[in-house]
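# Reading the structure
As a plain string of letters, each chain reads:
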Amino acid sequence: MVTKTNNYENLKLSHPCFGGHKNNKGRIHLPVSPGCNIQCKFCDRKINDDEQRPGVTSKVITPEEALGVIKRALELCPEITVVGIAGPGDTLATDNAIETFRLVKEHYPNLLKCMSTNGLLLYERADEIIEVGIDSLTVTVNAVDPEIEAKLNSAIVYHSKKYEGVEAAKILIENQIKGIEKVAKAGITVKVNSVLVPGINDNHIEEIAKIVSKAGASIYNIIPLIPQFELADIPAPTCAQIDAARTKAGEYIDVFRHCQRCRADAIGVPGESDFGDQIYQRRISLK
Ligand code: SF4
Ligand code: SF4
């Protein structure tokens, strides 16, 4: 068992996202994970220079290239305290993310390691996450009821087999919750993200908050749907709907209120600077 010193309280001081983007700390997202093992109905992964949202990157890089990107990013933005990997696909669907974190641990031991996953493989890969020393882990849990999850996710590929609908949702949810329990028990700070989809999971957020908090998550981030792909016809939630969901969830768990839905290759202090255009030679500056 690894004893972590970067607990939730410490991360509020050292990690921009846990500090409410008020501590003037920066993060670098390394887009090393191209593929995904589930199909969320709102996901539209793209390689481009100009969209400001998760799942978008200017390019996918290798773990070895990531070291050069970190070096350059620290020269441009010494406020960076966190190396995060959040896609553009799932971090556990390939070995790239864990391999990158191994290199970060060796070459930049003072940087915090932050990882996001859909959680399908979280339970079975938890030991690798613990061993590589992840400080904060985000798991996206959009429902804890398989009937609801099946409306948000059409299929998973699990151990080389494709599952669909409720059957897929049951496997995903079970692995997410067991995985959260396992990594939280090892001392890793767990944040849960849910995409708020009006008419599908908007009345279910309280239940998610209750269950993930019990499983050991410390903080909950409710992200408004960006209507696209199969859910393009569902309107994005209003501010009042987001607020209501956050207030209900707040009865069970600390709630995040400042997420900016960063790209998978964001670099800089959230809300203040983005050096990605210099590092990846984007055509359009996202500053
Ligand atoms: Fe922040 Fe999420 Fe990036 Fe981690 S993965 S640094 S929590 S935006
Ligand atoms: Fe897209 Fe992430 Fe869902 Fe995979 S887990 S389909 S990358 S939103």
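In what follows, the accompanying structure is described. (Residues numbered from 1 in each chain as written. Chains lettered and ligands numbered in written order. Predicted model: local features only at pLDDT ≥ 70, side-chain atom pairs only at ≥ 80, totals over all residues. Heavy atoms only, no water.)

## Here we look at the overall build of the protein chain
What counts, and what does not: Counting from the N terminus, the helices are DSSP H or I runs at least four residues long and the strands are E runs at least two residues long. Within these notes, the globule rule equals 2.2 Å times the number of residues to the 0.38 power, and the radius of gyration is based on C-alpha atoms. Note on exposure labels: buried denotes an accessible area under 20% of the residue type's maximum, exposed denotes more than 50%, and partly exposed covers the range between, all computed with a 1.4 Å probe on protein chains only. Contacts are assigned to residue pairs with any non-hydrogen atoms lying within 4.5 Å of each other. Computed with a 1.4 Å probe, the accessible areas rest on the Shrake-Rupley method; for each residue, only the protein chains presented here act as cover.
For the protein chain, the helix and strand inventory stands at 9 helices and 13 strands. Against the globule reference of 19 Å for 287 residues, the protein chain gives a C-alpha radius of gyration of 18 Å, in line with a compact fold. With respect to the principal axes defined by its C-alpha atoms, the protein chain has extents near 50 × 45 × 40 Å. By the burial criterion, 57% of the 287 residues in the protein chain qualify as buried. Here the analysis covers contacts within the protein chain between residues at least 6 apart in sequence; of these, 75% occur between residues at least 24 apart. Total accessible area on the protein chain stands at roughly 12100 Å², and carbon and sulfur atoms take up 50% of it.

## Concerning the packing of aromatic side chains
To keep it simple, the criterion reads: In this scheme Phe, Tyr and Trp rings, the latter by its six-membered ring, pair at centre separations within 6.5 Å, and the angle between planes marks the pair as stacked below 30 degrees, edge-to-face above 60, and tilted otherwise.
Evaluated as defined, the whole model comprises 1 aromatic pair. Between the aromatic rings of Y8 and F18, the centroid separation amounts to 6.2 Å while the plane-to-plane angle is 75°, which identifies the pairing as edge-to-face. Here Y8, found in helix α1 (residues 8-14), pairs with F18, found in the loop between α1 and β1 (26-29); they are 10 residues apart in sequence, far enough to count as distant. The exposure class assigned to Y8 is buried, which follows from its relative accessible area of 13%. On the basis of relative accessibility, which here comes to 6%, the residue F18 falls in the buried class.

## Let's talk about the nonpolar core
Defined as follows: The definition of a nonpolar core used throughout is a set of buried Ala, Val, Leu, Ile, Met, Phe, Trp, Tyr and Cys residues joined through side-chain atoms within 4.5 Å.
Counting residues in hydrophobic clusters, the biggest one holds 80 residues, and the most contacted among them are L30 and I129. Counting residues per element, this core draws most heavily on helix α6 (residues 165-185), which supplies 8 residues. When neighbours within four sequence positions are excluded, L30 is seen to be in contact with I61, A66, V69, I70, V83, G84, I85, G87, T100 and A264. One finds Y8, L11, F18 and I219 within the second-largest nonpolar core, a separate group that totals 9 residues.

## Examining the site of ligand 1
Basically, it comes down to this: Nearness here has a simple test: a residue counts as near a molecule or strand if at least one of its heavy atoms is within 4 Å of that partner. Only Asp, Glu, Lys and Arg are considered charged, only Ala, Val, Leu, Ile, Met, Phe, Trp, Tyr, Cys and Pro nonpolar, and every remaining residue, Gly among them, polar.
Lining the immediate surroundings of ligand 1 are H15, C17, R27, H29, V82, C114, S116 and K191. Those elements that place two or more of their residues in the shell around ligand 1 are β1 and β6 (112-117). Tallied by class, the residues present in the shell around ligand 1 amount to 3 nonpolar, 3 polar and 2 charged.

## Quick look at the sheet that holds strand β2 (residues 38-40)
Heads up, the condition is: By the convention used here, strands pair only if DSSP detects at least 2 bridges between them. Fitted lines through C-alpha atoms give the axes, limited to the stretch in contact for helices. The angle between two N-to-C directions lies from 0 to 180 degrees.
Spatially, the 3 strands line up as an open sheet ordered β2-β8-β9, and their pairing is antiparallel. Each of the sheet's edge strands pairs with one partner strand only, and the pair in question is β2 and β9 (161-164). Strand-to-strand twist in this sheet, taken as the mean axis angle between neighbours without regard to direction, amounts to 20°. Examined bridge by bridge, strand β8 (residues 153-158) and β9 share 4 bridges and lie antiparallel to one another. Counted as the bridge partner of I156 is Y163 from β9.

## What to know about the environment of T247
Along the chain, T247 turns up in helix α8 (residues 239-249). Its relative accessible area of 47% is what places T247 among the partly exposed residues. Here the alpha-carbon distance between T247 and P54, two residues 193 residues apart in the chain, equals 24 Å.

## Comments concerning the pairing of strand β10 (residues 189-196)
Side chains on a regular strand alternate between the two faces of the sheet. Of all 8 residues in β10, 8 are buried, a share of seventy percent or more. Side chains T189, K191, N193 and V195 of β10 all project onto a buried face; the interleaved residues V190, V192, S194 and L196 project onto the opposite face, where all are buried too. Pairing of strand β7 (residues 136-140) with β10 involves 5 bridges; the strand directions are parallel. Pairing of L137 across the sheet is with V190, part of β10.

## Some words on the site of ligand 2
Neighbouring residues of ligand 2: C36, I38, C40, C43, R45, P88, G89 and N118. Class assignment of the residues belonging to the shell around ligand 2 gives a composition of 5 nonpolar, 2 polar and 1 charged.

## A closer look at the pattern of salt bridges
Stated precisely, the cut-off is as follows: We define a salt bridge as a side-chain nitrogen of Lys or Arg found within 4 Å of a carboxyl oxygen belonging to Asp or Glu.
Applying the stated criterion across every chain, the model contains 12 salt bridges. R125 is paired through a salt bridge with D95; the nearest N and O atoms lie 2.8 Å apart. Taken together, the residues span a long stretch of sequence, with R125 in helix α4 (residues 122-132) and D95 in the loop between β5 (80-85) and α3 (96-107) at a distance of 30 residues. In this structure D95 comes out as partly exposed when scored by relative accessible area, which is 46%. Its salt-bridge partner being R263, residue D265 comes within 2.7 Å of it at the nearest N-O pair.

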